[in-house]
Each structure stands twice: as structure tokens, then as C-alpha cells.
Amino acid sequence: AQTVTQSQPEMSVQEAETVTLSCTYDTSESNYYLFWYKQPPSRQMILVIRQEAYKQQNATENRFSVNFQKAAKSFSLKISDSQLGDTAMYFCAFWPTSGSRLTFGEGTQLTVNP
Amino acid sequence: EAQVTQNPRYLITVTGKKLTVTCSQNMNHEYMSWYRQDPGLGLRQIYYSMNVEVTDKGDVPEGYKVSRKEKRNFPLILESPSPNQTSLYFCASSLREGFNEQFFGPGTRLTVL
């Protein structure tokens with residue numbers, strides 16, 4: 001069974017600064033997909049970024065980028081130029097290519113302060 | 001508008017009173033699933049369906065039932081709700097399993113007294 005761990009329950013950052021959210025996972029699979037979803041106060045779940053494990057290059061989506069370290073089983077999310085609208089709960093998630101289920105971490109509540 | 005809808009959005013009920021939470025998507029997605037969200041636990045998958053008439057258990061299926069008679073609908077049934085099923089529930093769908101983006105419904109806040 002796969003597990004996903006987000007060791008930072010809460011984080012805060014000043015507007016315009018950079019913040020990194022941590023995620024580690026445990027799996028015996030060699031190929032899988034990794035995701036970051038955000039959940040703002042509206043409760044709506046929104047995909048932020050995703051990464052295929054067989055791709056060495058880290059994914060980037062505008063101000064959001066990941067640091068994927070396959071050997072360390074680490075998948076951190078970096079948010080640059082933080083904005084007030086980035087305030088949300090962020091969830092890391094894992095999907096093995098051999099499986100049919102998405103496993104989420106516990107979440108990190110990020111607050112962007114003005 | 002492409003979306004996943006859930007009803008009701010809020011529900012307060014009593015122990016043992018059967019209830020159904022509906023989920024519908026208009027994107028012709030094959031994969032659908034149900035999650036519950038609890039503080040400190042993230043989202044945990046209850047059931048999923050890879051296509052019509054194909055369903056399987058997720059991580060926390062006890063006390064829940066699902067059916068997938070039509071591609072667009074995936075209702076969640078609680079035959080005899082108990083207080084430990086008080087939670088925030090999300091339905092989600094994607095084109096297929098795997099790397100595809102999961103589209104989530106707005107959530108259903110369920111309280112069982």
C-alpha cells in the first residue's frame with residue numbers, strides 16, 4: 001500500500017515571497033503519477049500541477065513548480081511570488097500506474113499574509 | 001459548463017436513517033470516485049468506478065454502497081448512517097484513471113446525529 005506524508009500541517013508566507021511545501025511518499029512501484037491539489041476556503045478542489053515519475057524534468061505551471069526527487073521519494077511544491085489567492089489547503093497525491101486509486105496526504109494549510 | 005454536481009450540499013440526519021448523495025458529471029468521463037475528507041486525515045477514497053457497472057472498494061468502504069448504472073451518475077448510499085460518518089464528502093471524475101485530472105464536485109457536508 002502506498003502512503004503519502006505531508007509533515008507540515010500549517011505554513012505561512014508573506015505576499016510576494018516564495019514558499020515550499022513538502023511531500024514524501026512510500027511505494028514499491030517504479031512508475032506512478034504525482035499531483036498537487038489546492039482547496040481554497042470555497043472547498044473546491046483544484047489541480048495545481050502534476051508529474052509523471054518517469055520524467056526527469058520537474059513540472060512547472062506559471063508560479064508553481066515541483067522538486068521531484070525519485071530516489072528520495074520526495075515531491076515538494078514551490079510557490080513563487082505568493083499571492084493572497086494562494087491561501088488554501090494543499091494536498092499531495094499519488095497514483096501508481098499499476099493501480100486505480102488516488103492516495104492523498106494529510107494536507108498543508110498555507111496562509112499568505114499581506 | 002463542464003462540471004461535477006453533488007446533492008445535497010449540506011445534510012443533517014439521524015443515526016440509522018438511510019440516505020443517498022447524488023453525483024453527476026457531464027463530461028463523459030469513465031472514471032468516478034467518492035472521497036471523504038476529515039481534519040488531519042486528508043481525503044480518503046471510499047469507492048471508485050472505472051466504467052459503467054464496474055465498481056471497487058477504496059480505502060474506507062465500510063458503511064457505504066455505490067452503484068454505476070449510467071456513465072454520468074455515481075450515487076453514494078449510506079444504508080444506516082452512524083455518527084462516525086459525519087464528514088465532508090467529495091465526488092470526482094476523470095476521463096480515465098491515471099494521469100488525468102480529477103474534477104471534483106463542490107462537496108457535501110454530512111452530519112449524523
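We now turn to the structure provided with this report. (Residues numbered from 1 in each chain as written. Chains lettered and ligands numbered in written order. Predicted model: local features only at pLDDT ≥ 70, side-chain atom pairs only at ≥ 80, totals over all residues. Heavy atoms only, no water.)

Quick word on the sheet that holds strand β1 (residues 4–7) of chain B
Residues and elements named next belong to chain B.
- One open sheet accounts for four strands, arranged β1-β3-β8-β7; its pairing is antiparallel. Every other strand in the sheet has two partners, leaving β1 and β7 (65–66) as the edge strands with one partner each.
- For β1 and strand β3 (residues 19–25), the ladder comprises four bridges, and the chain directions are antiparallel. Across the sheet, the residue bridging to Q6 is C23, located in β3. (Pairing = 2+ DSSP bridges. Helix = DSSP H or I, 4+ residues; strand = E, 2+ residues; numbered from the N terminus.)

What to know about the packing of aromatic side chains
- Per the stated rule, a full pass over the model turns up 18 aromatic pairs over all chains.
- Ring geometry for Y25 of chain A versus Y32 of chain A: centroids 5.2 Å apart, planes at 70°, classification edge-to-face.
- When the ring of Y33 of chain A is compared with that of F99 of chain B, the centres are 5.1 Å apart and the planes differ by 45°; the resulting orientation is tilted. You can see Y33 of chain A sitting in strand β5 (residues 32–39) and its partner F99 of chain B sitting in the loop between β9 (87–94) and β10 (103–104), one on each of two chains.
- In this structure an aromatic cluster arises from ring pairing among Y33, F35, Y37, F91 and F104 of chain A together with Y35, F90, F99 and F104 of chain B.
- Sitting over the face of the ring of F99 of chain B, R50 of chain A holds its NZ or CZ atom 4.8 Å from the ring centroid. (Phe/Tyr/Trp six-rings, centres within 6.5 Å; stacked < 30°, edge-to-face > 60°. Lys NZ or Arg CZ within 6 Å of the ring centre and 35° of its normal.)

Observations concerning the interface of chain B and chain A
- With 29 residues of chain B at the contact, the number on the chain A side is 19 residues.
- Between chain B and chain A, the buried area comes to about 2,100 Å², and carbon and sulfur atoms account for 54% of it.
- Ranking the residues of chain B by area buried against chain A places L43, F99 and F104 of chain B at the top, with a combined share of 32%.
- Inspection of the region where chain B meets chain A yields one salt bridge.
- D59 of chain B is the salt-bridge partner of R101 of chain A, the closest N and O atoms lying 2.1 Å from each other. (Contact = heavy atoms within 4.5 Å. Buried area = accessible area lost by both parts, 1.4 Å probe. Salt bridge = Lys/Arg side-chain N within 4 Å of Asp/Glu carboxyl O.)

Some words on the environment of K57 of chain B
- By the element assignment, K57 of chain B lies in strand β6 (residues 54–57).
- On the basis of relative accessibility, which here comes to 49%, the residue K57 of chain B falls in the partly exposed class.
- Spatially, the C-alpha atom of K57 of chain B lies 20 Å from that of G107 of chain B, the residues being 50 residues apart in sequence.
- Every residue in contact with K57 of chain B, bar those within four places of it in the chain, is listed here: R101 of chain A together with I46, Y47 and Y48 of chain B. (Buried < 20%, exposed > 50% of the residue type's maximum accessible area, 1.4 Å probe, protein only.)

A word on the pattern of salt bridges
- Per the stated rule, a full pass over the model turns up seven salt bridges over all chains.
- Notably, a salt bridge pairs D86 of chain A with R63 of chain A, separated by 2.8 Å at the nearest N-O pair. Taken together, the residues span a long stretch of sequence, with D86 of chain A in the loop between β9 (74–79) and β10 (88–96) and R63 of chain A in the loop between β7 (60–61) and β8 (64–69) at a distance of 23 residues. Like D86 of chain A, the residue R63 of chain A is buried in the burial classification.
- D38 of chain B serves as the salt-bridge partner of R36 of chain B, at 2.8 Å between the closest nitrogen and oxygen.
- The class for R36 of chain B is buried, based on a relative accessible area of 9%.
- The buried category is assigned to D38 of chain B, whose relative accessible area is 11%.
- Where salt bridges share partners, they join R36, D38 and R44 of chain B into one cluster.

Here we look at unusual backbone geometry
- Here the bond from N7 of chain B into P8 of chain B is cis, since omega is -5°, no more than 30 degrees from zero.
- Considering the arrangement of structural elements, one finds P8 of chain B in the loop between β1 and β2 (10–13).
- Notably, N62 of chain A is not glycine yet its phi reads approximately 55°, a positive angle.
- Position of N62 of chain A relative to the elements: it lies in the loop between β7 and β8.
- The backbone of E53 of chain B sits at a positive phi, close to 70°, despite the residue not being glycine.

Points about the state of the cysteines
Residue and element names in this part refer to chain A.
- Applying the stated criterion across every chain yields a total of two disulfides over all chains.
- Residue C23 pairs covalently with C92 via a disulfide, S to S 2.0 Å. In this structure, the disulfide formed by C23 and C92 twists by about -70° around the S-S bond and is classed as left-handed. Here the residue C23 occupies a position in the loop between β3 (19–21) and β4 (24–26), and C92 occupies one in strand β10, the gap between them amounting to 69 residues. (Disulfide = S-S within 2.5 Å.)

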